[in-house]
Amino acid sequence: HPSASKLFVISSLSSGVLIAYADSPSEGGKSVVELNQKVPQKKRVVVLGTGWAGTSFLKDLDISSYDVQVVSPRNYFAFTPLLPSVTCGTVEARSIVEPVRNIIKKRNGIINFWEAECLKIDQANGMVFCRSTIDENLAGNNEFSLQYDYLVIAIGAQVNTFNTSGVLEHCHFLKEVEDAQRIRRTVIDCFEKAVLPGLTEEERKTNLHFVVVGGGPTGIEFAAELHDFVHEDLVKIYPSVKDLVKITMIQSGDHILNSFDERISSFAEQKFQRDGIQVLTGHRVVSVSDRLINMRNKATGNDDSIPHGMVVWSTGVGTRPVVKDFMEQVGQGNRRVLATDEWLRVKGCENVYALGDCATVDQKKIMEDISEIFKAADKDNSGTLTIEEFQDVIEDVIIRYPQVELYLKNKHLFDVADLLKDTDGNDRLEVDIEGFKLALSHVDTQTKSLPATAQVAAQQGAYLSRCFNIWEKCKDNPEGPRKFRSGGRHEFRPFRYRHLGQFAPLGGEQAAAELPGDWVSIGHSTQWLWYSVYASKQVSWRTRFLVIGDWSRRYIFGRDSSRI
Ligand code: FAD
C-alpha cells in the first residue's frame, strides 16, 4: 500500500502470504488493514454473512478449490424459525445458535472467518471494506479490506419501519437473537412494573397491554407464544394482575396470515378470538410514542390511539445500507431490492452473487429474456414461428424457468398463438409475445419474486456451492449442459426453487401447515409435525439435543420467568 507507514505480517494462507498494513488512511480518518494475498494460487471467494444462505453455501462448497474468507458481525448461525420461542423462554437462545467456527471445523480445510461487518463493497477494484465489531485490536485499528475474485453477498435484510415515526425508539423488533432476549426481559419487566404498589388499575392495564404490529407468520407466532407464556406460566406467578393482561394485533391488510391458504388464515383469526387476542385488521400504525400507539382505520380514515406497555414491530424487511450503496455502483440505484439473474449473479456483475433475503431474481430481466428467446427463434423476423421452432422456444423457456412447465402444458398456451398457413402451405404460428409474457407473469411461478424465507436462502446457498464445485469441470466443457438460443450457452442450469411448505404455530399446542400439493393441515397433530420438522432441520446434533431438551423442560417445569 503506497501510503502505509507500518507493515505487519499476520500469517500465511494457503493462497500466499497475508500481509497487513496499518496506519494507512481510510474514510473517516481511521486506519485500514489490507489483507492482501500475494499471487493467489486459488480463486479468492469472499462470503458476506453467516445466516441461512451463507452457511448453506459454506457447508457444501468444495474448499480445496477455493481460498475462502467469510465476514460476518455474528460468529454464529441462528436458527431463526425458533426465535419467537426464545422471546418467552420456551427455547433458550443458546440452543438455537451454532458457532460458525464449529461449522467451518467440520469442513476439514481452511476457511478464514473474520468477525466483522462489511461497510462497503468496491466492485470496480474487487474489494470489500470491513470493520471489526469487537474492540480495536492491538495494532490500534479495527478496519481491514479483502480482495475477491468472487463475492457472495448473503447479508440478509434489515427491519423495515416504513419511516413510521417513533418506531425505532419505542418498538421491539424480532430479527436477531438479541432482539428475542430483549423481548423476553421486557415482558417480565412489564409484569414486575404492573404489580408495584401505588399504581392505578389503568396504569397496571397499560403496562400489561402487549401490542404486535404485523400479522405475518412472525408476528402471529410471537403473539401465540406470548399468549401461552402468560396463560400457562405468568398468571400463576402474578395472580393479582392476571385479568388485566391484553394482547392486541394490528394488521394493515384485511386478514392475518394473508400469505397462507384462506382456511389457515380464518382458523388463526377464530383461534385468536377464542384466546382473547384482539385482532385489528385494516389499521395502519402512523406513529408510536413511549406509551401510545396511534393508528388509522383504512376504511373510515379515523385515527385512534391505544396505550401500550410494549410493542413488537414485525412488518417485513428492507435493504441494508451496504447493499443500497452497492446497488448504486452497479446501476441498480432505482430499484428497491438487489436484482440477480436466475443463476443468482448480480445483474451487471460477472463475479458477484447475491443470495437470500438481500436479493431477488429480477422479474423484468426474465421477461426481457423471454422476448430475446422469441426474437432469436424468429430468424426471418416474420413475427411467426414454425411449430418446431415454437416447441424449441418453449423448451428453452422451461429450462430457464422450470416452474412454468406445468402452465405451458396447459391449454392456455395456444391462447397466445394463432395457427396460420405460410405460402408453401406449411403450418406456422403467429405468437403474441406480449400476451405470452403477460400470461406467464400471472402464473405463480419462478417469474414472481421468491418469498424472503430461510427455505429459499438455504436452497440458493446449496445451489451456488454446487455450481462452484463443478466450475472447473465446466471449463473443460464450456458449452455447458444446455444450449440457450439467446445469450449462448451457460455452464449451469438456473436456480430452481422447490417449495416444501410452510408452518404457522398458533399456540395451545396447535399449528397450521401448508404442504406441497395444496395440502392444508391444522391442529394438534400438525404441532407434532412442526416439532419433528424443526428438530430434524437443526444444523447440528448439539442444537438438536438442546432444542428437544428445552421443549421437554418447558413441558415438565414450565417456562422460566427470571429477568436475567
Ligand atoms: P440471514 O439469515 O438474516 O443472515 C444474514 C447474515 O449476514 C447474518 O449472519 C448477519 O450477521 C450477516 N450480516 C449482516 N450485515 C452484514 C454486513 N454488513 N457484513 C457482513 N455480514 C453481515 N423463514 C422460514 O423459511 N421459515 C420460518 O419459520 C421462518 N421464521 C422466521 C422467524 C423470524 C423471527 C425471523 C426473523 C425470520 C424467519 N424466517 C423464516 C425468515 C428467515 O429467517 C430469513 O428468510 C433467512 O434468515 C434469510 O437468510 P439470509 O441468509 O438471507 O439472511
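Not measured: the values here are computed from a predicted model.

Definitions and limits used
Residues numbered from 1 in each chain as written. Predicted model: local features only at pLDDT ≥ 70, side-chain atom pairs only at ≥ 80, totals over all residues. Helix = DSSP H or I, 4+ residues; strand = E, 2+ residues; numbered from the N terminus. Buried ≥ 20, exposed ≤ 12 C-beta atoms within 10 Å, placed from the backbone. Near = placed C-beta within 6 Å. Nonpolar A, V, L, I, M, F, W, Y, C, P; charged D, E, K, R; others polar. Domains from an automatic or database assignment. Pairing = 2+ DSSP bridges. Right-handed = clockwise from strand over helix to strand, strands pointing away. Axes fitted to C-alpha atoms, helices over the stretch in contact; angles between N-to-C directions. Expected span 1.5 Å × (residues − 1). Arc of directions from axis to C-beta. Contact = placed C-beta atoms within 7 Å. Parallel < 35°, antiparallel > 145°, perpendicular 65-115°, else oblique. Left-handed = near helix turned anticlockwise from the far one by under 90°. Core = buried A, V, L, I, M, F, W, Y, C linked by C-beta atoms within 7 Å. pLDDT = per-residue confidence, 0-100.

### Notes on the overall build of the protein chain
Turning to step 1, where the next piece is worked out: On a plain count of helices and strands, the protein chain comes out with 17 helices and 32 strands.
Turning to step 2, where the next piece is worked out: Residue burial in the protein chain is summarised as follows: out of 564 residues, 38% are buried.

### Comments concerning the site of the ligand
Turning to step 1, where the next piece is worked out: What surrounds the ligand is a group of 33 residues, the closest being Gly49, Gly51, Gly156, Gly356 and Thr453.
Turning to step 2, where the next piece is worked out: Of all elements in the fold, only helix H1 (52–60), strand S5 (66–72), helix H2 (83–86), strand S8 (111–122) and helix H14 (454–469) reach the threshold of two or more residues within the shell around the ligand.
Turning to step 3, where the next piece is worked out: Grouping the amino acids of the shell around the ligand by side-chain chemistry returns 17 nonpolar, eleven polar and five charged.
Turning to step 4, where the next piece is worked out: When residues are assigned to domains, the shell around the ligand turns out to be shared by domain 1 (1–157 + 319–361 + 455–499) and domain 2 (167–317 + 500–557), each giving three or more.

### A few points about the pairing of strand S15 (residues 246–251)
Turning to step 1, where the next piece is worked out: Sheet analysis places strand S14 (residues 209–213) next to S15, joined by five bridges and oriented parallel. Counterpart to Val213 in the pairing with S15 is Ile250.
Turning to step 2, where the next piece is worked out: Taking the sense of rotation as the criterion, the β-α-β connection linking S14, helix H7 (residues 217–237) and S15 turns out right-handed.
Turning to step 3, where the next piece is worked out: In terms of strand pairing, S15 meets strand S16 (residues 278–281) through four bridges, oriented parallel. Bridging across to S16, Ile250 finds its partner in Leu280.
Turning to step 4, where the next piece is worked out: In this fold, S15 hands off to helix H8 (residues 262–275), which returns the chain to S16; that crossover is right-handed.

### Looking at the sheet that holds strand S18 (residues 292–297)
Backbone-to-backbone hydrogen bonds pair the strands of a sheet. The strands run either parallel or antiparallel.
Turning to step 1, where the next piece is worked out: Strand order in the open sheet formed by three strands is S17-S18-S19, with antiparallel pairing between adjacent strands. Because the sheet does not close on itself, it has two edges, and the strands there are strand S17 (283–288) and strand S19 (303–307). This sheet shows a mean twist of 30° between the axes of neighbouring strands, independent of strand direction.
Turning to step 2, where the next piece is worked out: In this sheet, S19 lies alongside S18 in antiparallel orientation, the contact comprising five bridges. Counterpart to Ile293 in the pairing with S19 is Ile306.

### Here we look at H8
Turning to step 1, where the next piece is worked out: Helix length check: H8 (14 residues) gives 20 Å between terminal C-alpha atoms against 20 Å at 1.5 Å per residue, within 8%.
Turning to step 2, where the next piece is worked out: Of the positions making up H8, those classed as buried are Ile264, Ser265, Phe267, Ala268 and Phe272. For H8, the angular spread of the buried residues around the axis is 165°, confining them to a single face. Opposite the buried face of H8, by more than 90 degrees, sit the exposed residues Glu262, Arg263, Gln270, Gln273 and Arg274.
Turning to step 3, where the next piece is worked out: Buried-residue contacts for H8 involve H7, S16, strand S30 (502–507), strand S31 (510–515) and strand S32 (519–523).
Turning to step 4, where the next piece is worked out: Immediately downstream of H8, the backbone of Gly276 shows phi near 85°, a positive value.

### Here we look at the packing of H1 against H14
Turning to step 1, where the next piece is worked out: Contact pair H1 / H14: the axes reach a minimum separation of 7 Å and the direction vectors enclose 30°. With respect to their mutual orientation, H1 and H14 come out roughly parallel. Between H1 and H14 lies a crossing whose hand is right-handed. Between H1 and H14, the contacting residues are Trp52, Ala53, Gly54, Thr55, Ser56, Phe57 and Asp60 on the first element and Ala454, Ala457, Ala458, Gln460, Gly461, Ala462, Leu464, Ser465 and Arg466 on the second.
Turning to step 2, where the next piece is worked out: Of the residues that constitute the contact of H1 with H14, the class distribution is eight nonpolar, six polar and two charged.

### Considering H1
Turning to step 1, where the next piece is worked out: Most of H1 is tucked away, with seven of its nine residues classed as buried.
Turning to step 2, where the next piece is worked out: Looking at H1, one finds that the buried residues are Trp52, Ala53, Gly54, Thr55, Ser56, Phe57 and Leu58.

### Considering the nonpolar core
Turning to step 1, where the next piece is worked out: Val128, Val152, Ile153 and Leu355 are the most contacted members of the largest nonpolar core, which totals 118 residues.
Turning to step 2, where the next piece is worked out: Here this core spans two domains, and each of domain 1 (1–157 + 319–361 + 455–499) and domain 2 (167–317 + 500–557) adds at least three residues to it.
Turning to step 3, where the next piece is worked out: What Leu355 contacts, discounting residues up to four positions off in sequence, is Ala53, Phe57, Val152, Ala154, Leu344, Ala457, Gln460, Gly461 and Leu464.
Turning to step 4, where the next piece is worked out: Listed in part, the eight residues of the second largest apolar core include Ile370, Ile373, Leu385 and Val393.

### Quick look at the environment of Leu208
Turning to step 1, where the next piece is worked out: Following the sequence through the fold, Leu208 ends up in the loop between helix H6 (201–207) and S14.
Turning to step 2, where the next piece is worked out: With 26 C-beta atoms counted inside 10 Å, the residue Leu208 sits in the buried group.
Turning to step 3, where the next piece is worked out: Placed 99 residues apart in sequence, Leu208 and Pro307 show a C-alpha to C-alpha distance of 9.9 Å.
Turning to step 4, where the next piece is worked out: Filtering out sequence-adjacent residues up to four positions away, Leu208 remains in contact with Cys190, Ala194, Val241, Leu244, Val245, Lys246 and Gly309.

### Remarks on the confidence of the model for the protein chain
Fine structural detail should not be taken from predicted coordinates in areas where pLDDT scores are low.
Turning to step 1, where the next piece is worked out: When pLDDT is averaged along the protein chain, the result is 83, and 78% of the positions lie at 70 or above.
Turning to step 2, where the next piece is worked out: Strand S20 (residues 310–313) holds the highest mean pLDDT among the elements of the protein chain, 98, whereas strand S1 (residues 6–13) holds the lowest, 32.
Turning to step 3, where the next piece is worked out: This model gives residues 1–31 a pLDDT under 50, and the stretch forms 63 contacts once residues within four places in sequence are excluded.
Turning to step 4, where the next piece is worked out: Counted against residues more than four places away or in other chains, residues 478–489, with its pLDDT under 50, gives 20 contacts.

### As for the sheet that holds S31
Turning to step 1, where the next piece is worked out: Here we have three strands laid out as an open sheet, ordered S30-S31-S32, and antiparallel in their pairing. Of all the strands in the sheet, the pair left with one neighbour each is S30 and S32. Sheet twist, expressed as the average angle between the axes of neighbouring strands with direction ignored, equals 10°.
Turning to step 2, where the next piece is worked out: Judged from the five bridges that link them, S30 and S31 form a sheet pairing that is antiparallel. Its bridge partner being in S31, Pro505 is matched across the sheet by Ala511.

### Topic: unusual backbone geometry
Turning to step 1, where the next piece is worked out: You will see that Asn163, though not glycine, has its phi angle at about 55°, which is positive.
Turning to step 2, where the next piece is worked out: Secondary-structure assignment places Asn163 in the loop between strand S12 (158–159) and helix H4 (167–170).
Turning to step 3, where the next piece is worked out: Residue Asn163 is classed as exposed on the basis of its C-beta count, with 7 C-beta atoms lying within 10 Å.
Turning to step 4, where the next piece is worked out: Positive phi outside glycine occurs at Leu344, with the angle close to 70°.
Turning to step 5, where the next piece is worked out: Tracing the sequence through the fold places Leu344 in the loop between strand S22 (338–340) and strand S23 (352–354).

### Regarding the environment of Gly348
Turning to step 1, where the next piece is worked out: Mapped onto the elements of the fold, Gly348 is located in the loop between S22 and S23.
Turning to step 2, where the next piece is worked out: The spacing of Gly348 and Gln329 is 19 residues in sequence and 10.0 Å in space, taken between C-alpha atoms.

### Some words on the environment of Val46
Turning to step 1, where the next piece is worked out: Note on placement: Val46 falls in strand S4 (residues 43–48).
Turning to step 2, where the next piece is worked out: Separated by 479 residues in the primary sequence, Val46 and Ser525 have C-alpha atoms spaced 44 Å apart.

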